[in-house]
Amino acid sequence: MHQYLTYTEEVKKALEMGKPVVALETTIISHGMPYPQNIQMAKEVEQIIRNNGAVPATIGIMNGKIKIGLNDEELEEFATNEQVEKVSRRDFPYILSSGKMGATTVAATMIAADLAGIRIFATGGIGGVHRGAETTMDISADLTELAHTNVGVICAGVKSILDIGRTLEYLETKGVPVVGFKTEEFPSFYSRESGFGVDFRLDEPEEVGKVLKTKWDLKLNGGIVISNPVPAAHAMYHDQIESVILEALQKADELKITGKNVTPFLLDSIKQLTEGKSLETNIALVKHNAEVAAKIAVAYAGQKS
Ligand code: PSU
Ligand code: MN
């Protein structure tokens, strides 16, 4: 067992027995949603994964360890403690060695899941190439992680706070397949549309499981983006959210927000500007991703090696 990892009993047993496990991130809890919706979401998502035949492993950093699975008390700590740091690839060495608490981003959760041997990960949206990246060079470390870490990431696409076209170009350059789960159009988080296509559409969890196995059998290291549109009943219209996003981007520009603070700032501004409607959509899509991820984890675990 890896010296920096600790497991809950539930996850440890599942991994030993080769049962399906789904990784979950903590940045979405600590920096992506307000309390108490964040803790409610975190617990519901875990239950959805169990109801669909897999074991949830929410990942976070505490007391010098990467925790693979968190108990209720720890989840509550991630949901309420304002000192929790946002941890991506570059932050592991300092956060672990200093004993600070760290919430893992998509990139960091992929790294931890890979160390633990978990191949399926459910989240809301991944980071990407920011609008204006041609001058700011703001490109999420999530994309470089997807280029080389063997984890399938189920998400609702990327938010249009990002440059979706350039994000997809970047993923293509890095050899990361972008799957549309029951869709031909790449979703844009709050909406089912983006105007951009996916690389290929798959309709069944078994098909996704086969694609994952084939990629890694071929030693084509790296992740796969499995994009799963928000259920129609909870979707927002592209035009409705676009004006809000432009306002949030302008505010970030005026306040000179940079680095790791950009994404949390934009998420919070959008939430305020839509008076909570975006939060409801956000929660609905995460739950749906958890359900689909659990089904994919079951299918992936059921394949012959
Ligand atoms: N997008 C969302 N919600 C989130 C994030 C992104 O809709 O909570 C979080 C994820 O943890 C993602 C991170 O990995 O933000 C990306 O941050 P950055 O852009 O700083 O790489
Ligand atoms: Mn960034």
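Looking at an unreviewed UniProt entry, one finds the protein named Pseudouridine-5'-phosphate glycosidase, with Fictibacillus terranigra as its source organism. Under the Function (unreviewed entry) heading, UniProt states for the protein: "Catalyzes the reversible cleavage of pseudouridine 5'-phosphate (PsiMP) to ribose 5-phosphate and uracil. Functions biologically in the cleavage direction, as part of a pseudouridine degradation pathway." In its Subunit (unreviewed entry) section, the UniProt entry covering the protein states "Homotrimer."

A. Representation of the nonpolar core within the structure. Judged by nonpolar contacts, the single largest core of 93 residues is most densely connected at Val-22, Ala-57, Val-153, Val-225, Ala-293 and Ile-296. Looking at this core, the element that brings in the most residues is helix α13 (residues 277-301), giving 11 residues. When neighbours within four sequence positions are excluded, Val-153 is seen to be in contact with Val-106, Phe-121, Thr-123, Ile-126, Leu-146, Gly-223, Val-225 and Ile-226.

B. Summary view of unusual backbone geometry. For the peptide bond that leads from Tyr-35 to Pro-36, omega is 5 degrees, which places it in the cis range. For Pro-36, the position within the fold is in the loop between α2 (27-30) and α3 (37-51). Positive phi values are uncommon outside glycine, yet Asn-63 reaches one of about 50 degrees. Relative to the helices and strands, Asn-63 is located in the loop between β3 (55-62) and β4 (65-68). Residue classification places Asn-63 among the exposed residues on the basis of 10 C-beta atoms within 10 Å. Located in the positive-phi region is Lys-256, a residue other than glycine, with phi close to 55 degrees. Relative to the helices and strands, Lys-256 is located in the loop between α11 (238-254) and α12 (262-273).

C. Quick peek at the UniProt feature "binding site: substrate" (unreviewed entry) in the protein. Here, UniProt's "binding site: substrate" (unreviewed entry) annotation points to Lys-86, Val-106, Ser-140, Ala-141 and Asp-142. Their sequence span is 57 residues, while the largest C-alpha to C-alpha distance among them is just 13.0 Å; these annotated residues converge on one region. Within the secondary structure layout, Lys-86 lies in strand β5 (residues 85-87). Sequence-distant contacts of Lys-86, that is, excluding residues within four places in its chain, are made with Thr-27, His-31, Ala-103, Thr-105 and Lys-260. Along the chain, Asp-142 falls in helix α8 (residues 141-148). When sequence neighbours within four positions are dropped, the list of residues in contact with Asp-142 reads Thr-105, Val-106, Ala-107, Ile-126 and Gly-127.

Analysis parameters
- Residues numbered from 1 in each chain as written.
- Chains lettered and ligands numbered in written order.
- Predicted model: local features only at pLDDT ≥ 70, side-chain atom pairs only at ≥ 80, totals over all residues.
- UniProt positions renumbered as here; feature names shortened; annotations may be inferred.
- Core = buried A, V, L, I, M, F, W, Y, C linked by C-beta atoms within 7 Å.
- Buried ≥ 20, exposed ≤ 12 C-beta atoms within 10 Å, placed from the backbone.
- Helix = DSSP H or I, 4+ residues; strand = E, 2+ residues; numbered from the N terminus.
- Contact = placed C-beta atoms within 7 Å.

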